[in-house]
Amino acid sequence: MEMRISVRSLVEFILRSGDIDNRRAASAGDAMQEGGRIHRMIQRRMGPEYRAEVALRYTYDAGEYEILVEGRADGIITESANVTIDEIKGTYHDLKRMKGPVSVHLAQAKCYAYIYADQNALSDIRVRMTYCHMETEEIRYFYEDYTYIELKLWFEEVMEQYRKWADYRFKWQKLRQESIRQLEFPFSYREGQRELAADVYRTIYHKRKLFLEAPTGVGKTISTVFPTVKAMGEGLCEKMFYLTAKTITRTVADDTISILREQGLQLKSVILTAKDKICFLEETACNPVSCPYAKGHYDRINEAMYDLLTHVDNYTREAIETYAEKYQVCPFELCLDMSLFADAVICDYNYLFDPHVYLRRFFAEGVQGEYVFLVDEAHNLVERGRDMYSAVLCKEDFLELKKTVKPYDERIAGNLDKCNKELLALKRECKDCRVVTTIEGLVRSLTRLGTAIEDHLEDREDSPVREEILAFYFEVSHFLEMYELLDENYVTYTELQEDGSFIVKLFNVNPAVNLRNCMLRGRSTILFSATLLPIQYYKTLLGAEEGDYEVYARSVFLPDKLGVYIGSDVTSRYARRGEEEYYRIAAYLHRVIEKRQGNYMAFFPSHAFLRKVYEVYQTHFNKAGEVECVLQESYMNEEAREAFLNHFRGNEDCDLQSLIQIEIEVEEERSLLGFCVMGGIFSEGIDLKNDSLIGVLIVGTGLPQVCHERELLRQYFDGWGGNGFDYAYRYPGMNKVLQAAGRVVRTEDDFGIAVLLDERFLAPTYRPLFPREWQNRESVTVDQIGRRVEKFWNEWL
């Protein structure tokens, strides 16, 4: 059996000590630039004797198993009989102040030096630590010479410290693999579910991506997790990452693994919880002065981890908090560290795709791991990907920070002023919204600003403006990092906004390349959603490659259980909006609801539109309050959201005696109508089963509001020779429609109606976007809808 660990993970895990301290921004700056422009610049300058990005592997014999230590040396210099390992780091630090290399950086280089010396029978070897200043590109070298024997003894000591952990992993993996071999699917296969699981396994085997349209009821979570676990048992998968956009789907994934554990599966899993949610303090302050858990954290963390590792299999938030409290360590960092020893990691998209938050424990070395990525609700990843890899700066923020910091640091204030002048020059050329071809002057000023902030944070740990400066520093750092990624998939534009502010934005219009590069960190990716239509659109923007697969899973629900009706005499077009159209929409609501008492939701293009129809409905059709109406507000906290949903959940959690009492007390039941915004918090990710929701009415086609950014998307994809309107408006809008319609039929026992109130749905451009299950849809008018809906209910009741 072979176990793998990267060089970086090994040294950072075994050799760490001391405090967590975020008061120094150097680590953020270094991490931002690692493997980036500075590496490429230095490597290009080197002569023919310099080999860049050399992959190195070393197999350590641990008796019953082997440990594969692997990584990528930045450079190897061969001059006659002398060999030097080069490790490059970018920094904003004043190089003259450096007394020597950072210990963990040197340890990485020493690992590479030992591996290379061992494999090439060298008696001695040199290590060169190359530090490059990000602004000036000044370089400082630190040299260390080692004999092979010195490196061998040092490396073996590091590996011996790691053996305790590796030995446990080896024993655990034997136990895990045996349990997987005996594991059977925990339910009776639904129609098409066995084939779906086989498609997932086949994709993992062939190291591909699978784009999976999985209608509600298919059992997509168990159908993707189970074959991935089976692939793990066959040695095709080292670790499974279940990536989600919402907390509720993380819970579903955890529950699914728990079901498999009940069948005998031995599997360690962790749910990664956001720092602000799991932190023990009211305000996160990750330094030894403000937080007792940060002080000496690295001195205690490995002991806490080993205790948790050997006593718990499911590293839930509760388990993490218990052990963090016991050992007085940071719960967030403990949670991240336990992912090293988890077989399944359940987390937000950020931990794979975000350029700052991604798990460097696994993905920083540039080495592909035997990981399988399960991306749930993958339709969300297009916009999330755009957001992650775009960057924006606001001119007014520079002026505001300048006023704040001027009394404390004239240098930062001066650099903020220079950045503001660059932005002012761009503003003078912008009348409304303008695509720009170059912002090099601004980037140079931002780089100098970054250096000034770096020095301030380094020298003045107790600065009264530290928080403001640090927050701004991260914004500037992100902008500079995204600037390094600029290519044909980006549009750089400036804009005068409605509030008078001025922005410059690096807009990642097509996130496919960035997302694909993230997915290349693993063996295989399964991207699935109940609304991944049209699938070619998502394949294009989510980084599909030639040879990747696509599957439309068969729905287990009878198509007739969802009555789909399209209003042919109504629309939400701006040109038609007015009292007459609001009245017709309200009439549709009335004529649908009066045919069967129950719970309904109506989805509108905006809060303003919602209010207009609500007022007409109340005035003309609900004077006596026969229908209880609840409205989605523009802002609702968690408590308000739950209260809204509880209107629909009703009495489903009551015991029998309570239900009898309620029936006695209620003289007359009323229908319930929720007025919601399409694409909002109630149109996706909520699960209202059985009679909790029997119908939805969807007003409009969900088209995003016309704005400069949407128009830039349209123009960009028009330039591809395709239909830019589809990519910028129609397809994103239709996804919101499908998500809202998907709230109705949630189980095999459910049946209900979806009424699409816009004549545009009858156009040929929309027909290919409908799910297969909508094959029996009907066109109706406001005069016909009542009779058609009544016929549907009579057939099922």
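To be clear, the structure that these remarks concern was listed above.
Report on the accompanying structure. (Residues numbered from 1 in each chain as written. Predicted model: local features only at pLDDT ≥ 70, side-chain atom pairs only at ≥ 80, totals over all residues. Heavy atoms only, no water.)

### Details of the sheet that holds strand 13 (residues 391-394)
Under the convention used in this document: Pairing between two strands requires that DSSP report at least two bridges joining them. Secondary structure elements follow DSSP: runs of H or I no shorter than four residues count as helices, runs of E no shorter than two count as strands, and numbering proceeds from the N terminus. A fitted line through C-alpha atoms represents every axis, and for helices the fit uses only the stretch in contact; the resulting angles, taken between N-to-C directions, go from 0 to 180 degrees. Note on contacts: a residue pair qualifies if any of its non-hydrogen atoms lie within 4.5 Å across the two residues.
In space, the four strands of this open sheet follow the order 13-16-15-14, with antiparallel pairing throughout. Among the strands making up the open sheet, the edge pair consists of strand 13 and strand 14 (433-435). With strand direction ignored, the average angle separating the axes of adjacent strands in the sheet is 15°. With three bridges connecting them, strand 14 and strand 15 (residues 490-496) associate as antiparallel partners. Paired with C433 across the strands is E495, a residue of strand 15. Contacting strand 13 and strand 16 (502-508), helix 16 (residues 395-405) runs over the sheet at an angle of about 55° to strand 13. Across the face of the sheet, helix 17 (residues 410-428) comes into contact with strand 15 and strand 16 while running at roughly 85° to strand 16.

### Re the nonpolar core
Note the cut-off: For this analysis, a nonpolar core means a set of buried residues of the types Ala, Val, Leu, Ile, Met, Phe, Trp, Tyr and Cys, connected via side-chain atoms within 4.5 Å. Only protein chains enter the accessibility calculation, which uses a 1.4 Å probe. A residue is then buried if its area is under 20% of the maximum for its type, exposed if over 50%, and partly exposed in between.
The biggest cluster of nonpolar side chains holds 197 residues, and the ones touching the most others in it are Y162, L334, F353 and M601. The leading source of residues in this core is helix 5 (residues 148-182), at twelve residues. Those residues in contact with M601 that sit more than four places away from it in its chain are F644, F648, L673, G674, C676, F682, I686, L688, L693, G695, V696 and L697. Counting residues in each nonpolar core, the second largest holds 39 residues, with Y582, F609, Y614 and I694 among its members.

### Observations regarding helix 7 (residues 220-233)
Stated formally: Under the convention used throughout, the expected extent of a helix is 1.5 Å for every residue step, that is, one less than its residue count.
For helix 7, which comprises 14 residues, the first-to-last C-alpha distance of 20 Å matches the rise-based estimate of 20 Å (1.5 Å per residue) to within 8%. Phi for G235, located one or two positions after helix 7, is positive at around 80°.

### Examining the environment of D307
When you line up the elements, D307 lands in helix 10 (residues 297-311). Along the sequence, D307 and Y323 sit 16 residues apart, while their C-alpha atoms lie 8.2 Å from each other. Not counting chain neighbours up to four residues away, the residues in contact with D307 comprise Y323, K326 and Y327.

### Some words on empty space enclosed by the protein
Here is the rule we go by: Think of a 1 Å grid over just the protein atoms. A cavity is a set of points where a 1.4 Å probe fits yet cannot get out, a pocket is an open set with protein on both sides within 12 Å along at least five of seven lines, and lining residues have an atom within 4 Å of a point. Grid points are joined across faces, edges and corners, and a volume is the space filled by probe spheres set on the points. Only Asp, Glu, Lys and Arg are considered charged, only Ala, Val, Leu, Ile, Met, Phe, Trp, Tyr, Cys and Pro nonpolar, and every remaining residue, Gly among them, polar.
Per the counting criterion, the structure on display carries one cavity of 30 Å³ or more. The volume enclosed by the largest cavity comes to roughly 110 Å³. Lining the largest cavity are 14 residues; nearest its centre among them are C279, C286, C291, C330 and P331. Class assignment for the residues of the lining of the largest cavity results in twelve nonpolar, one polar and one charged.

### Here we look at the pattern of salt bridges
Should the charged atoms of two oppositely charged side chains come close, the side chains can pair. What counts here: In what follows, salt bridge is the name for a side-chain nitrogen of Lys or Arg lying within 4 Å of a carboxyl oxygen of Asp or Glu.
Per the counting criterion, the structure on display carries 56 salt bridges. Between D337 and R16 there is a salt bridge; the shortest N-O distance is 2.9 Å. Residue D337 is located in helix 12 (residues 331-338), and its partner R16 is located in the loop between helix 1 (7-14) and helix 2 (26-33); the two are separated by 321 residues in the primary sequence. Pair check on accessibility: D337 and R16 agree, each one buried. Measuring nitrogen to oxygen at the nearest pair gives 2.9 Å for the salt bridge that ties D376 to K220. A residue pair is termed long-range when its members are at least 10 positions apart, and D376 in the loop between strand 12 (371-375) and helix 15 (381-388) and K220 in helix 7 qualify at 156 residues. Given the relative accessible area of 1%, D376 is considered buried. Each member of the salt-bridge network shares a partner with another, and the members are R573, R576, E580, E581, R584 and E759.

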